[in-house]
Each structure stands twice: as C-alpha cells, then as structure tokens.
Amino acid sequence: MSHLLVEKGVKPGVALLRLNRPESLNALNRALVAELTDTLVRLDNDPEVRVMVLTGDERAFAAGADIKEMAEDSAVDMLLLDQFQRWDQIKRLKKPLIAAVSGYALGGGCELAMLCDIIIASETAQFGQPEIKIGVIPGAGGTQRLTRAIGKSRAMEYILTGRFFSAKQAESWGLVSRVVPPELYLEEALNLAAEIASMPPIAVQMAKQAVNKAYELSLEEGLHFERKNFYLLFATNDQKEGMRAFMEKRPPTWQGK
C-alpha cells in the first residue's frame, strides 16, 4: 500500500499529494520520504503540472520522523544513510510547492512544511521542533529555516524547549501565509495553486528562484540575480504575449515558452 496519494489535475495545472500514514499521524519514515521526493521530482518534470500542493489529513500534516526506525542507529549509520539528501531534492524543485497544513506539523513535519514555498494553515495547526525532548536537535533544516522565518530569539526558545506554537502565532511571525477554518484549508491551498498555475510558468519559476535567493545572498548579489532573471524573461514567448495582451486589453495565453 502506498503511503502517498497523488491526484493530478485536481485543478488546472495543479497536482495534489497527500501523505497517507494516518495510523502514525503521517510520521515520515524512510520509505515515505523516498516516495515523496521521487514523486515530487517526477511532477516537477511533468509539463501538465505547474504547481504542487502537499497535505496530510485533518489530524496531522506530519507529526515528525518515525523514531522507531532510527532509535538504534549509530552516527556512522546516519552518516552513510545520508537521508537528508532526499530533502535537498525538494529544495531544488523548480515549480512552486504549497503546504496545506492541519493538525500537527512537528519535527520533520515542520521542516517539511518550511521546505515548501507557501504554507496555508488550518486554525488547528500546531508547529514545533520538539527534537530536544528525545535527545537530538532538528536535522532537516529546522534550526536554520525556523530562525530565518521567525527570528533568533523565538526560534531559540522553541527549539530549546521543544514547545509547540499555534497557527495564529506562525502567521503573526511570518512563517505561515494565512490561517483559515479547518474545513477550508485544503480548498484555500488548491485555489491559490490554481491562481499561480494560471500565470506564465517560466516567469513563476524564475520568481521563485529570486525570492529564495533573498535568504541566501547579500542584497547586492540578490539584486544582481533578480536583474539577470528579469532580462532572461525577455527571451520568452510569454513575455511578448503578456505585454501584447496588456496593450490589446485581452487575456493572455501562456505557452510556457
């Protein structure tokens, strides 16, 4: 039985991926992470897909890593396994990935949500990096991405105590794009995905690249990267179509070329 459910075309240009280990609150075991990353890479190269949405269920987006799977591993085991190379594949996706989060997004689940480009959260969502409570620290980017998202002092407090924080707190700190009632969180994410999918695909991918570079480069380097992508888009058919459509007062037809 697959631990990942995939539905293409749930809205035009949108693929929905649903983590499917409800008995363990969608804990991220190695098989699930492998299936998820392989599927995301495949969809990233699928011309019919422009935006991807990742979700769990109402109780949990993902409640963390599967602790039973790693409890007896040694440092050498973890080093040789190098499981986090899988997470690097998600970071390198060209197309936008939206997380639709309800319930628990803890440990690896919180890190997975933060790897996504946008987070839409249910009012029931709870985030946290509780690894300290089992004798380790976040290992899939939690200490780095959470700090960049909510600031050093808050990140330090929540990582050192392992406490959870609410969707409303996450929204006020800038980690979450918006918070909606539980019955609407997935619909909201899919509607947002459809809106983005209706935009010129190459420009969307280049905009995603540029925004991500803002976290990695100095301002001067980031501005240089943005300018280069801006100029490159003038080599696309979509740039010509978009500007002509604007002047002719008609809707554009994007080709992704």
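Scope of this entry: the structure provided in the associated data block. Being a predicted model, the structure only gives us computed values, none of them experimental.

What counts and what doesn't
Residues numbered from 1 in each chain as written. Predicted model: local features only at pLDDT ≥ 70, side-chain atom pairs only at ≥ 80, totals over all residues. Heavy atoms only, no water. Pairing = 2+ DSSP bridges. Helix = DSSP H or I, 4+ residues; strand = E, 2+ residues; numbered from the N terminus. Axes fitted to C-alpha atoms, helices over the stretch in contact; angles between N-to-C directions. Salt bridge = Lys/Arg side-chain N within 4 Å of Asp/Glu carboxyl O. Buried < 20%, exposed > 50% of the residue type's maximum accessible area, 1.4 Å probe, protein only. Phe/Tyr/Trp six-rings, centres within 6.5 Å; stacked < 30°, edge-to-face > 60°. Lys NZ or Arg CZ within 6 Å of the ring centre and 35° of its normal. Parallel < 35°, antiparallel > 145°, perpendicular 65-115°, else oblique. Contact = heavy atoms within 4.5 Å. Nonpolar A, V, L, I, M, F, W, Y, C, P; charged D, E, K, R; others polar.

1. A look at the sheet that holds strand β1 (residues 4-11)
Working step 1: Strand order in the open sheet formed by 6 strands is β1-β2-β3-β5-β7-β10, with mixed pairing between adjacent strands. The open sheet has two edge strands, β1 and β10 (178-180), and neither has a second partner. Across the sheet, the mean angle from the axis of one strand to that of its neighbour is 20°, orientation sign disregarded.
Working step 2: One ladder, built from 4 bridges, connects strand β3 (residues 51-55) with strand β5 (residues 97-101); its direction is parallel. Directly across from methionine 52, in β5, lies its bridge partner leucine 97.

2. Topic: the pattern of salt bridges
Any two side chains of opposite charge can pair if their charged atoms end up close together.
Working step 1: Under the definition given, this model contains 13 salt bridges.
Working step 2: Linking lysine 8 and glutamate 48 is a salt bridge whose minimum nitrogen-to-oxygen distance equals 3.2 Å. Pair noted here: lysine 8 is in strand β1 and glutamate 48 is in the loop between α1 (30-44) and β3, with a separation of 40 residues, a long-range link.
Working step 3: Lysine 8 sits in the partly exposed class, given a relative accessible area of 38%.
Working step 4: Glutamate 48 sits in the exposed class, given a relative accessible area of 56%.
Working step 5: The salt bridge partner of lysine 213 is glutamate 216, with a shortest N-O separation of 3.6 Å.
Working step 6: Lysine 213 gets classed as partly exposed once you look at its relative accessible area, which sits at 26%.
Working step 7: Judged by relative accessible area, which is 47%, glutamate 216 ranks as partly exposed.
Working step 8: Residues joined in a network through salt bridges with shared partners are Lys8, Asp46 and Glu48.

3. A few points about the pairing of β1
Working step 1: The pairing of β1 with strand β2 (residues 14-19) spans 6 bridges and is antiparallel. Within the sheet, the bridge partner assigned to lysine 8 lies in β2 and is alanine 15.

4. Quick notes on the packing of aromatic side chains
Working step 1: By the definition in use, this model includes 7 aromatic pairs.
Working step 2: Taken together, a centroid distance of 5.3 Å and an interplanar angle of 75° make the contact between tyrosine 158 and phenylalanine 165 edge-to-face. The same class applies to tyrosine 158 and to phenylalanine 165, which are both buried.
Working step 3: Of the aromatic side chains, those joined through ring pairs into one cluster are Phe127, Tyr158, Phe165 and Trp173.
Working step 4: Stacked on the ring of tyrosine 158, the Lys or Arg arginine 163 has its end atom at 5.4 Å from the ring centre.

5. Overview of the sheet that holds strand β4 (residues 60-62)
Working step 1: The strand order across the open sheet built from 4 strands is β4-β6-β8-β9, with neighbouring strands paired in mixed fashion. Across the chains shown, the open sheet's two edge strands, defined by having one partner strand only, are β4 and β9 (164-166). Strand after strand, the sheet turns through a mean of 25° between neighbouring axes, direction not considered.

6. Some points on the packing of helix α10 (residues 201-213) against helix α11 (residues 219-232)
Working step 1: Close contact between α10 and α11 brings their axes to 9 Å; oriented N to C, the two are set at 175°. In terms of orientation, α10 lies roughly antiparallel with respect to α11. For the pair α10 and α11, the contacting residues are Met206, Gln209, Ala210 and Lys213 in the first and Phe225, Asn229 and Leu232 in the second.
Working step 2: Class assignment of the residues belonging to the contact of α10 with α11 gives a composition of 4 nonpolar, 2 polar and 1 charged.

7. Structural notes on unusual backbone geometry
Working step 1: A positive phi is found at asparagine 26, a non-glycine position, where the angle reads about 60°.
Working step 2: Tracing the chain through its elements places asparagine 26 in the loop between β2 and α1.
Working step 3: Not every positive phi belongs to a glycine, and lysine 249 is a case in point at roughly 55°.
Working step 4: Along the chain, lysine 249 turns up in the segment after α12 (237-248).

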